[in-house]
Structures are given as C-alpha cells and as structure tokens.
Amino acid sequence: MVAAIETRGKRLDLDEDGYLMNVDSWDVSVAERLADIEDIELTAEHWRLITAIRLYYERNGASPLCRDILKETGFTKKDLYRIFPSSGYRTACKLAGLPKPPEC
C-alpha cells in the first residue's frame, strides 16, 4: 500500500490501509489523488456522496454511520458498490479523507 501521497507539492501520510492520517489535510486534490490510486474516475455521483460525508464530519466532528449517510443522501448500499466497487462505503470515506469506518 502507498505510505504517502503527494498533491499540490505537499506530502501527506497515509495509514497502512491507505487512509489519510490527518483528516484536516483533505481537499479536493487529495480526493482526486486517492481516486487515481483506487482507479476511480470521479463523477457527480461520487462527489455528492463524498461531499455529504465531509459535511457530516465537519458538523459533528465524527465520521457518519453508513446508514445515516445513506438516509441523508438517498443512496442505497447497492448504489455504493456500483460507484465504489472495491469496498463501497469504506472507499467513499477514504476519498473523503476520513478514517476507515468500522461498519457497512
């Protein structure tokens, strides 16, 4: 697994599963770089979910539960695996710059 990424001239550390170590280092370029690593071409659907996850985190200071973000966005688990085939909600959280979620 990649131990760090570089974006906008900055090196950002990742944990052993490829999640951003410092949540506050996240920006759009980080999401795009992580998507490249995951071989995902980001669409409006991806951004809708990533944005909802980030907004929830900023409002609550914690990662959302999968069921809460699905309810808020109208996505289903099937939708998650369609747009993030490798691991659904976990990949969405990774691209949103949040720690690995415990469930979903």
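Just so we're clear, the structure is a prediction, and the values are computed from it rather than from any experiment. (Residues numbered from 1 in each chain as written. Predicted model: local features only at pLDDT ≥ 70, side-chain atom pairs only at ≥ 80, totals over all residues. Heavy atoms only, no water.)

**Q** So what exactly am I meant to see when it comes to the overall build of the protein here?
**A** Of the regular secondary structure elements, the protein holds five helices and two strands. Walking the protein from its N terminus toward its C terminus, one meets helices and strands in the order β-β-α-α-α-α-α. What you see for the protein is a C-alpha radius of gyration of 13 Å, in line with the 13 Å of a compact globule of 104 residues. In the protein, which comprises 104 residues, the share counted as buried stands at 46%. Relative to all contacts within the protein whose residues are 6 or more apart in sequence, the contacts with residues 24 or more apart total 48%. Accessible surface for the protein amounts to roughly 5800 Å². Of this, 48% is attributable to carbon and sulfur atoms. The distance from the centre of the 15 positive side-chain charges to the centre of the 18 negative ones in the protein is 5 Å. (Helix = DSSP H or I, 4+ residues; strand = E, 2+ residues; numbered from the N terminus. Rg over C-alpha atoms; globule rule 2.2 N^0.38 Å. Buried < 20%, exposed > 50% of the residue type's maximum accessible area, 1.4 Å probe, protein only. Contact = heavy atoms within 4.5 Å. Areas by Shrake-Rupley, 256 points an atom, 1.4 Å probe, with all protein chains shown as cover. Lys, Arg positive; Asp, Glu negative; His and termini not counted. Charge placed at Lys NZ, Arg CZ, Asp CG, Glu CD.)

**Q** How do you make sense of the nonpolar core when you look at a structure like this?
**A** Leu49, Ile53 and Phe84 are the most contacted members of the largest nonpolar core, which has 31 residues in total. Among the secondary structure elements, those contributing two or more residues to this core are α1 (28-38), α2 (44-60), α3 (66-73), α4 (77-83) and α5 (89-95). It is α2 that contributes the most residues to this core, six residues altogether. The contacts of Phe84, once residues within four sequence positions are left out, are Ile40, His46, Leu49, Ile50, Thr91, Ala92 and Leu95. (Core = buried A, V, L, I, M, F, W, Y, C linked by side-chain atoms within 4.5 Å.)

**Q** Looking at this model, I keep getting lost on the packing of aromatic side chains. Mind explaining?
**A** In this description, an aromatic ring pair is defined by two values, namely the gap between the centres and the angle between the planes. Overall, the coordinates contain zero aromatic pairs when judged by the stated rule. Looking at Lys94, its charged tip hangs above the ring of Tyr19, at a distance of 5.0 Å from the centre. (Phe/Tyr/Trp six-rings, centres within 6.5 Å; stacked < 30°, edge-to-face > 60°. Lys NZ or Arg CZ within 6 Å of the ring centre and 35° of its normal.)

**Q** Even after reading the chapter, I still don't get the pairing of strand β1 (residues 4-7), so can you show me in this structure?
**A** With four bridges connecting them, β1 and strand β2 (residues 10-13) associate as antiparallel partners. In the sheet register, Thr7 faces β2, and the bridge partner there is Lys10. Once β1 ends, the chain turns through two residues before running back antiparallel as β2, passing Arg8 with a positive phi of about 50 degrees. (Pairing = 2+ DSSP bridges.)

Distances and angles like these do not, on their own, reveal function.
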